Amino acid sequence: MNPTNPLENLSRPSGSLKPEPPDAAEIAGLQRTGRARLADAGNTTLALESRFDLAYNAAHALCLAALRAKGYRAGNRYIVFQVLPKPPFPTHLDKGCDAPAAALSAAYSP
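Note on numbering: residues in each chain are counted from 1, in written sequence order. Thresholds applied to this predicted model are a pLDDT of at least 70 for local features of residues and 80 or more for the giving and counting of side-chain atom pairs; totals over whole chains, interfaces and linings are not thresholded and use all residues. Only hydrogens and water are set aside; all other atoms, that is, all heavy atoms of the structure, feed into the side-chain values.

Remarks on the packing of aromatic side chains
And then number 1: Only Phe, Tyr and Trp rings take part, Trp by its six-membered ring, and two of them pair if their centres are within 6.5 Å. Stacked means planes under 30 degrees apart, edge-to-face means over 60, and tilted covers everything else. As enumerated under the stated definition, the model contains two aromatic pairs in all.
And then number 2: Joined through ring pairs, the aromatic side chains of Phe52, Tyr56 and Phe81 make up one cluster.

So, in structure tokens, the structure goes:
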């Protein structure tokens, strides 16, 4: 176990991640639904609340796909966002907001 790898640190017996071999079909399905939800989040005819839900669930599906590709399964829904590396640009996450910045930015950009 590499002590500097945060995913390995979180996969200890009491951790929030569980090691599990990647499943290509599961990962493809998560990517497919994530992309579809993200595209739907851009639909301006939907209520803003619906668009937010779609963007949030898209971000979750895509983050979970990345985590599963690394060989881990999250024990909690929120952990898929917490294990993301810090983005190389400032986001509203730096101010304490828990919304998935990348998906929301993509959903609401022209």
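Here the narrative resumes, following the displayed structure.
Concerning helix H3 (residues 48–69)
Working note: α-helix, 3.6 residues per turn, so residues spaced by three or four point in the same direction.
And then number 1: Counted at 1.5 Å a residue, the expected span for H3 with its 22 residues is 32 Å, and the 31 Å between its end C-alpha atoms agrees.
And then number 2: Partly exposed describes any residue whose relative accessible area lies between the buried limit of under 20% and the exposed limit of over 50%, with all areas from a 1.4 Å probe on protein chains only and scaled to the type maximum. Strands here mean DSSP runs of E at least two residues long; helices mean DSSP runs of H or I at least four residues long; both are numbered from the N terminus. Within the sequence span of H3, burial applies to Arg51, Leu54, Ala55, Ala58, Ala59, His60, Ala61, Cys63, Leu64, Ala65, Leu67 and Arg68.
And then number 3: Once H3 ends, the next one or two residues include Gly71, with phi positive near 95°. What a helix should span is 1.5 Å times the count of its residues minus one.

Points about the pattern of salt bridges
Once their charged atoms are close, side chains differing in charge can pair, the charge on each being opposite to the other.
And then number 1: A pairing counts as a salt bridge when a side-chain nitrogen of Lys or Arg comes within 4 Å of a carboxyl oxygen of Asp or Glu. Tallied over the full model, the rule gives four salt bridges.
And then number 2: Among the salt bridges present, the one from Arg68 reaches Glu20, with a minimum N-O distance of 3.2 Å. Here Glu20 lies in the loop between strand S1 (17–19) and helix H2 (24–41) and Arg68 lies in helix H3, a separation of 48 residues in the sequence.
And then number 3: We classify Arg68 as buried; its relative accessible area is 0%.

With respect to the environment of Asn76
And then number 1: Counting through the fold element by element, Asn76 comes out in the loop between strand S2 (72–74) and helix H4 (79–82).
And then number 2: The partly exposed category is assigned to Asn76, whose relative accessible area is 32%.
And then number 3: Put simply, Asn76 and Leu17 are 59 residues apart on the chain and 8.2 Å apart in space, counted from C-alpha to C-alpha.

Things to note about the nonpolar core
And then number 1: In these notes, a set of buried Ala, Val, Leu, Ile, Met, Phe, Trp, Tyr and Cys residues joined through side-chain atoms within 4.5 Å is what counts as a nonpolar core. Counting 14 residues, the largest nonpolar core has Leu7, Leu17, Leu30, Leu67, Tyr72, Val80 and Phe81 as the members making the most contacts within it.
And then number 2: Elements that contribute at least two residues to this core include exactly H2, H3 and H4.
And then number 3: Ranked by residues supplied to this core, first place goes to H3 with six residues.
And then number 4: Contacts are assigned to residue pairs that have any heavy atoms within 4.5 Å of one another. With sequence-adjacent residues up to four places away left out, Val80 is seen in contact with His60, Cys63, Leu64, Leu67 and Ala74.

Re the side chain of Ser16
And then number 1: Relative to the helices and strands, Ser16 is located in the loop between helix H1 (6–10) and S1.
And then number 2: On the accessibility criterion, Ser16 (19% relative accessible area) is buried.

Description of H2
And then number 1: With 18 residues, H2 ought to run about 26 Å at 1.5 Å a step, and its terminal C-alpha atoms sit 26 Å apart, in line with that.
And then number 2: Within the sequence span of H2, burial applies to Ile27, Gly29, Leu30, Gly34 and Ala41. The arc enclosing the buried residues of H2, seen along the axis, measures out at 160°, which places them on a common side. Exposed and oriented more than 90 degrees from the buried face of H2 are Ala24, Ala25, Arg32, Arg35 and Ala39. Along the arc lie the directions from the helix axis toward the C-beta atoms.

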